[in-house]
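# Coordinate inspection notes
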Amino acid sequence: MRPIEIPTDWSDDALLHFEEFCSLIHTPQRTVRDWRRRGVGPRWTRINGVGRLYITVGEARRFLRSATTEPRRTNP
């Protein structure tokens, strides 16, 4: 399984809209909406009252770091 990676050349201040984020992390929109409803997952913002939800690339990176676990190693 390959880890989810955000390209290093993307600025932390760049914005992703909700659908882009879901696609990037290969997670159904319904799941991410449920995270938001329960108050878990990344922090979202609306710009000037526009209906779309956005996330900064920096927040996406923070969320992925916090959600990533090290694989378990088995003893031989």
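Residues numbered from 1 in each chain as written. Predicted model: local features only at pLDDT ≥ 70, side-chain atom pairs only at ≥ 80, totals over all residues. Heavy atoms only, no water.

Right, let's get into the environment of Val57. You can see Val57 is positioned in helix α3 (residues 57–67). On the accessibility criterion, Val57 (1% relative accessible area) is buried. Distance from Val57 to Leu15, taken between C-alpha atoms, is 6.0 Å for residues 42 residues apart in sequence. Leave out the neighbours within four places in its chain, and Val57 touches Ile6, Trp10, Ser11, Asp12, Ala14 and Leu16. (Helix = DSSP H or I, 4+ residues; strand = E, 2+ residues; numbered from the N terminus. Buried < 20%, exposed > 50% of the residue type's maximum accessible area, 1.4 Å probe, protein only. Contact = heavy atoms within 4.5 Å.)

Moving on: the packing of aromatic side chains. Here the structure, examined in full by the defined rule, presents 4 aromatic pairs. Judged by centre distance (5.4 Å) and plane angle (50 degrees), the ring pair of Phe18 and Trp44 falls under tilted. Placement of the pair is Phe18 in helix α1 (residues 18–24) and Trp44 in the loop between α2 (29–38) and β2 (54–56), with a sequence separation of 26 residues. (Phe/Tyr/Trp six-rings, centres within 6.5 Å; stacked < 30°, edge-to-face > 60°.)

One non-glycine residue, His26, adopts positive backbone phi at about 55 degrees. Among the structural elements, His26 can be located in the loop between α1 and α2. Taking relative accessible area as the criterion, His26 reaches 67% and is therefore assigned exposed.

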